[in-house]
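An overview of the molecular structure
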Amino acid sequence: MICCKECIDLLYDYFEGSLDQDTTQSLDEHFQECPPCVAFLNTYKVTTVLCRDTLNQIEIPDEVRHTLKNFLKEHKNE
Amino acid sequence: MSFTQQKEDKKAEELLVRDFQAGNLEAYDKIAKLYQKKIYALSFNLMRNQMDAQDVTQEVLLILFRKINTFQGKSAFSSWVYRITLNASYMKLRSKKKEPNISIDELLPSFNGAGFQQEKIQDWSENTESLLFTNETREIIKKAVDLLPEKEKVVFLLRDVEGLSTENVGDVLNLTIPAVKSRLHRARLFLRKKLSGYFGASNSKKGEI
């Protein structure tokens, strides 16, 4: 059986689905017998989602949008 | 977005770029509109300052306007825009006093000689839902991302936040695909560990990041 370290090193490719069948199966077998790695897997996955959902909510504030609009107008007439 | 839709958007964008290169100013307005939010968001996430992000967005829009003819279409137009945005943001960051980065290695998982995990791993993935949209949680997450070392942060922002493909991130940063993957994996490990300190702490007492 593969060890936790190998398992965690391969997590990225495991999520991308880019591992070959045998390796994926080895990871699945490891997860069945290793609750700490399952916890690691779940929290690794949720970390990506949490960070993405927090950071991609950034909108341009109205005053910045206004400044940009004026800026573009000015420079297009150069 | 469907694959066909993506393909059509890309085609429409190529057409806009060509029109603008031929001197059509309306095409430029459309390009600026399409990209200003992306430019602002990426620079804001790198600098976490509204004024600086505004300056960078202006600068990038101006470069797009003046240097459009230097874009040769060898890589995707979006890659070109992201590359200019990163350069402008780094110039800005360099002019400011920088806080020392913490070493990423300290936050990577540790294993014993047999390759088994050494620390106790808590599964807090179920605890996050009720906390996700509170301001406190958002601040914790932003703070964790701000602590990422530059190399890992930029890969993380482009790939996981902006949603670029691994290939496009490699294109923007001039990195091989294995290098992109390895930096992204390290960034996620770092963030997981940082967030564990917060979400994994007992509910009665929230941990500090």
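Calculation notes
- Residues numbered from 1 in each chain as written.
- Chains lettered and ligands numbered in written order.
- Predicted model: local features only at pLDDT ≥ 70, side-chain atom pairs only at ≥ 80, totals over all residues.
- Heavy atoms only, no water.
- Helix = DSSP H or I, 4+ residues; strand = E, 2+ residues; numbered from the N terminus.
- Expected span 1.5 Å × (residues − 1).
- Buried < 20%, exposed > 50% of the residue type's maximum accessible area, 1.4 Å probe, protein only.
- Arc of directions from axis to C-beta.
- Contact = heavy atoms within 4.5 Å.
- Core = buried A, V, L, I, M, F, W, Y, C linked by side-chain atoms within 4.5 Å.
- Domains from an automatic or database assignment.
- Axes fitted to C-alpha atoms, helices over the stretch in contact; angles between N-to-C directions.
- Left-handed = near helix turned anticlockwise from the far one by under 90°.
- Nonpolar A, V, L, I, M, F, W, Y, C, P; charged D, E, K, R; others polar.
- Buried area = accessible area lost by both parts, 1.4 Å probe.
- Salt bridge = Lys/Arg side-chain N within 4 Å of Asp/Glu carboxyl O.
- Polar contact = N/O pair within 3.5 Å; in protein donor to acceptor, adjacent residues only side chain to side chain.
- Parallel < 35°, antiparallel > 145°, perpendicular 65-115°, else oblique.

This part covers helix 3 (residues 21-33) of chain A. Residues and elements named next belong to chain A. End to end, helix 3 covers 19 Å across 13 residues, agreeing with the expected 18 Å (1.5 Å per residue, within 8%). Those residues of helix 3 lying buried are L27, H30 and F31. For helix 3, the angular spread of the buried residues around the axis is 100°, confining them to a single face. For helix 3, exposure combined with an orientation more than 90 degrees from the buried face picks out Q21, D22, Q32 and E33. Tucked inside the fold, the buried residues of helix 3 contact helix 1 (4-9), helix 2 (11-16) and helix 4 (35-55).

All names here are of chain B. Membership of the largest hydrophobic core comes to 86 residues, with the highest contact counts inside it found for F77, F156, L158 and L195. If one sorts the elements of this core by residue count, helix 2 (residues 25-47) sits on top with twelve residues. Counting only domains with at least three residues in this core, you end up with domain 1 (3-94) and domain 2 (104-199).

For the rest of this paragraph, the subject is the side chain of T48 of chain A. Secondary-structure assignment places T48 of chain A in helix 4. Given a relative accessible area of 15%, T48 of chain A falls into the buried group. Leaving out residues up to four positions away in the same chain, T48 of chain A has contacts with D160 and R188 of chain B.

With that settled, consider the side chain of S78 of chain B. All names here are of chain B. Within the element layout of this structure, S78 appears in helix 4 (residues 77-94). Judged by its relative accessible area of 16%, S78 falls in the buried class. Those residues within four positions of S78 in sequence are excluded, and the remaining contacts are E13 and Y35.

Two elements in contact, helix 5 (residues 62-76) of chain A and helix 2 of chain B, have axes whose closest approach is 12 Å; the angle formed by their N-to-C orientations is 145°. Once helix 5 of chain A is placed against helix 2 of chain B, the crossing between them reads as right-handed. When helix 5 of chain A is examined against helix 2 of chain B, the residues V64, R65, L68, L72 and K76 of chain A are found in contact with a partner set consisting of L25, Y28, D29, A32, Q36 and Y40 of chain B. Partitioned by chemical class, the residues of the contact of helix 5 of chain A with helix 2 of chain B number seven nonpolar, one polar and three charged.

Moving on, we get to the domain arrangement of chain B. All names here are of chain B. As far as domains go, chain B holds domain 1 (3-94) and domain 2 (104-199). The distance between the C-alpha centroids of domain 1 and domain 2 comes to 26 Å. Where domain 1 abuts domain 2, roughly 1,200 Å² becomes buried across the two surfaces, and 58% of that area is made up of carbon and sulfur atoms. By the criterion of area lost to domain 2, the three top residues of domain 1 are N45, R48 and Y82, representing 37% of everything that side buries. We note a salt bridge from R48 to D146, for which the minimum N-O separation is 3.2 Å. Our count for the domain 1 to domain 2 interface comes out at four residue pairs in polar contact (both at pLDDT 80 or more). Within the residue set of the side of domain 1 that touches domain 2, elements represented by two or more residues are helix 2 and helix 4.

One can describe the packing of helix 4 of chain A onto helix 5 (residues 135-146) of chain B by two numbers: an axis separation of 10 Å at closest approach and a directional angle of 100°. The pairing of helix 4 of chain A with helix 5 of chain B is recorded here as roughly perpendicular in orientation. Listed contacts from helix 5 of chain B to L50, C51, T54 and L55 of chain A of helix 4 of chain A are R138, I141, K142 and V145 of chain B. Grouping the amino acids of the contact of helix 4 of chain A with helix 5 of chain B by side-chain chemistry returns five nonpolar, one polar and two charged.

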